[in-house]
Amino acid sequence: MSELISTMRLDVAESLRARWFVIYALVFGGIIMGLLIFGLTESRIMGVTGLSRTLVTFIQLSMAILPVFILLSTVRTLAGDREAGVFEYLLSLPVSLGGWYWGKFLGRFAVVFLPVFLAMVAAVAWGLVTGLDVPWGHVSYYIALLMSLTVCFLGLGFLISAFARSTDVGQGVAFLVWLLLLLFLDLILLGLLIRTNVPPELVVAIALGNPLQAFRTAAMIQFDPQLILLGPSAYVILDNFGRAGYMAWAVVYPVAVGLLSAGFGFWWFRRSDLQ
Amino acid sequence: MSTAVVELKSLEKVFRRHRVLDRLSLDIHPGDRIALVGSNGAGKTTMIRCILGQYRHGGVVRVRGMDPHAARKEVLQHVGFVPQMPPPLRMPVQELLRYSANLVGVDPSRMTAIAEAMGLDLGEAARKPFSKLSGGQKQKLLIGIALGRDADLLIMDEPTANLDPAARQILFDLLAERLDSGMIISSHRLEEVAPLVNRVVEMDRGQVVLDDKVEDMVDPSVRQGCRLKIGGRDEAFANAIREWGFESADGLEWTGVVAGPDRLKFLGVLSRYAGRLSAIHMDEGNDR
């Protein structure tokens, strides 16, 4: 078995027994169960009903919870492991740094993505059992979006962990990053656009560059193809990307951010003290 | 070409302007069993981490002629390491064994055989999270992983700290089979590791302040048959001596076996009951 797969497997074995994972799985399992049990499938908002309605709500909630959860848990466990001597011991074994780092990345991806994926599967299964129409296109795209968001924030988490020398510093930086991305969501950007003389192109560029915003807009575009909810920014998005182009951007771009961040983190990890 | 297992030349390590290793030079040859002693902050752990390729540093570190950074896998393939503080791993013991054996390229049974020989019941422990094992069980497992491979350099930090006398004897036997390997045994207390080593290196403020050969008279594998008599029954003494595997029919006369390298430690225990003892007989080479 290659060291990459070995390390991935080890990280999964380690994470499945961690408290953060139990809470994480309960939160996402609980959300989807709550949405199904409390009858959101029956409600109608903006013309969206049935399972689509449940999935839209789930995606919106995921966008609020998933990034900060991934960032904080990744940074806390990696920096905590370093402080507690886990790195000292496991890195005394003959594993290449690439195999170790990327194996941990893959293991963590599997552990973080699996609960949200299973929550989606549970929603679809519920739809099939109760005779609701399953919007397969939406389901597939939302799974791709969740995968993209997971890679993005895992990458940022690994980058922060590579630099942070203590859990406290790492968690503080992770929280600030999340806060910064949250600040640059559309409402605040619209506010900026109105109140200041910042060129609209710059504001829109910031929105496009914010993975949280990309994710949010892409989720929105599923049930609001003209992006009426988004306001003036919608023109830029639809004129430059088109609907399909933006959907592709919202999946590919966060993955690129995540992988580049993780890659930069690996570069730093290799050239700094491991312990 | 040098025959040293480890070569350290002008090794320097600075943490935020604090110089922890200060132009430290040291050669370790096959058969050198080094007691690495020194107070807290002397630089022992930092030096070990440099040898393991975990720190960036000034100066030169070579293990079997290779740079532990550049040839990390090749170097660590032949280095067995037992940390002082077992890592707080939550994974099951069998996962840790499988992972370690896979990386080292040996059958996990080699590692489990050593851990079991030291008294770890893997049938019971294999599925437990590593962090749920007792201190002694963790130590036995980590020693099993370190010794269950073809290492020609063993680095052990307080290896006997959590071990009972029987497990210590097994460890001494296992080390006696590897007298050709280089060993670094780090400890705060020289008397704990003195019987195992033939060289003492003392560190202070990042430098080697003492590097001395010690007379290598104690065969780590030798056992001493021992017979004791005490003046009257004593529950505290009985409990203490039973921990060393001693037996008695009447609570007055006790017999057992003491590992050669453990004799000083054993006599240290007996000294607490000097007033009770009426006879001591120790016989090298006699198992009873």
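Residues numbered from 1 in each chain as written. Chains lettered and ligands numbered in written order. Predicted model: local features only at pLDDT ≥ 70, side-chain atom pairs only at ≥ 80, totals over all residues.

**Looking at the interface of chain A and chain B**
Step number 1: On the chain B side, the residues contacting the 24 residues of chain A number 25 residues.
Step number 2: Of all elements in the fold, only α1 (3–15) and α4 (86–90) of chain A reach the threshold of two or more residues within the side of chain A that touches chain B.
Step number 3: When residues of the side of chain A that touches chain B are assigned to their parent elements, the largest contribution, 5 residues, is made by α1 of chain A.
Step number 4: Among the residues making up the side of chain A that touches chain B, the classes are represented as 13 nonpolar, 6 polar and 5 charged. (Contact = placed C-beta atoms within 7 Å. Helix = DSSP H or I, 4+ residues; strand = E, 2+ residues; numbered from the N terminus. Nonpolar A, V, L, I, M, F, W, Y, C, P; charged D, E, K, R; others polar.)

**Looking at the sheet that holds strand β1 (residues 6–15) of chain B**
All names here are of chain B.
Step number 1: Here 3 strands make up an open sheet; going across it, the order is β2-β1-β4 and the pairing antiparallel. Two strands in the sheet have a free side with no partner beyond their single neighbour: β2 (18–28) and β4 (58–63). Geometrically, the sheet is characterised by an average inter-axis angle of 20° between neighbouring strands, direction not taken into account.
Step number 2: Examined bridge by bridge, β1 and β4 share 5 bridges and lie antiparallel to one another. By the bridge assignment, Lys-9 is partnered in β4 with Val-60. (Pairing = 2+ DSSP bridges. Axes fitted to C-alpha atoms, helices over the stretch in contact; angles between N-to-C directions.)

**A look at the sheet that holds strand β9 (residues 207–213) of chain B**
Pairing between the strands of a sheet comes from backbone hydrogen bonds, and it takes one of two forms, parallel or antiparallel.
Residues and elements named next belong to chain B.
Step number 1: Ordered in space as β5-β6-β7-β3-β8-β9, the 6 strands form an open sheet in which the pairing is mixed. One side of each edge strand has no neighbouring strand; the edge strands of this open sheet are β5 (79–82) and β9. On average, adjacent strands in this sheet sit at an angle of 15° to one another, irrespective of strand direction.
Step number 2: Across 6 bridges, strand β8 (residues 199–204) lies against β9 in antiparallel orientation. Of the residues in β9, the one forming a bridge with Asp-204 is Gln-207.
Step number 3: Across the sheet, helix α1 (residues 44–51) touches β3 (33–37), β6 (153–157), β7 (182–187) and β8, and the angle it forms with β7 is around 150°.
Step number 4: Running at roughly 170° to β5, helix α6 (residues 135–147) makes contact with β5 and β6 of the sheet.

**Quick look at the environment of His-188 of chain B**
Residue and element names in this part refer to chain B.
Step number 1: Structurally, His-188 can be placed in the loop between β7 and α8 (190–193).
Step number 2: His-188 gets classed as partly exposed once you count the C-beta atoms within 10 Å, which come to 15.
Step number 3: Between the C-alpha atom of His-188 and that of Arg-127, which follows or precedes it by 61 residues, the distance is 34 Å. (Buried ≥ 20, exposed ≤ 12 C-beta atoms within 10 Å, placed from the backbone.)

**Considerations on the domain arrangement of chain B**
Residues and elements named next belong to chain B.
Step number 1: The assigned domain composition of chain B is domain 1 (6–213) and domain 2 (223–284).
Step number 2: Once you take the C-alpha centre of each, domain 1 and domain 2 turn out to be 32 Å apart.
Step number 3: Contacts between the two partners involve 9 residues from domain 1, matched on the other side by 8 residues from domain 2.
Step number 4: Counting residues per element, the side of domain 1 that touches domain 2 draws most heavily on helix α7 (residues 165–176), at 5 residues.
Step number 5: Of the residues assigned to the side of domain 1 that touches domain 2, the class counts are 5 nonpolar, 1 polar and 3 charged. (Domains from an automatic or database assignment.)

**So, the confidence of the model for chain A**
Step number 1: Summarising the model, chain A shows a mean pLDDT of 85, and 92% of its residues fall at 70 or more.
Step number 2: Within chain A, helix α12 (residues 242–271) of chain A carries the highest mean pLDDT (94), whereas helix α8 (residues 186–195) of chain A carries the lowest (68). (pLDDT = per-residue confidence, 0-100.)

**Focus on the nonpolar core**
Step number 1: Counting residues in each nonpolar core, the largest one holds 152 residues, and the members touching the most others are Leu-145 of chain A together with Ile-34, Ile-51, Val-79, Ala-146, Ile-155 and Ile-185 of chain B.
Step number 2: Among the elements that take part in this core, helix α6 (residues 136–163) of chain A stands out by supplying 14 residues, more than any other.
Step number 3: Viewed by domain, this core spans two of them, domain 1 (6–213) and domain 2 (223–284) of chain B, each represented by three or more residues.
Step number 4: Aside from chain neighbours lying at most four places away, what touches Ile-51 of chain B is Val-6, Val-61, Val-63, Pro-68 and Ile-155 of chain B. (Core = buried A, V, L, I, M, F, W, Y, C linked by C-beta atoms within 7 Å.)

**What about the pairing of β7 of chain B?**
Residues and elements named next belong to chain B.
Step number 1: The buried fraction of β7 amounts to 6 of the 6 residues, a majority that puts the element mostly inside the structure.
Step number 2: Side chains Gly-182, Ile-184 and Ser-186 of β7 all project onto a buried face; the interleaved residues Met-183, Ile-185 and Ser-187 project onto the opposite face, where all are buried too.
Step number 3: Bridge analysis of β3 against β7 gives 5 bridges, and the strand direction is parallel. If you follow Arg-33 over to β7, its bridge partner there is Met-183.
Step number 4: For β6 and β7, the ladder comprises 5 bridges, and the chain directions are parallel. Looking at β7, one finds that Ile-155 is bridged to Ile-184.
Step number 5: A crossover connection joins β6 to the parallel β7 through α7; in handedness this β-α-β unit is right-handed. (Right-handed = clockwise from strand over helix to strand, strands pointing away.)

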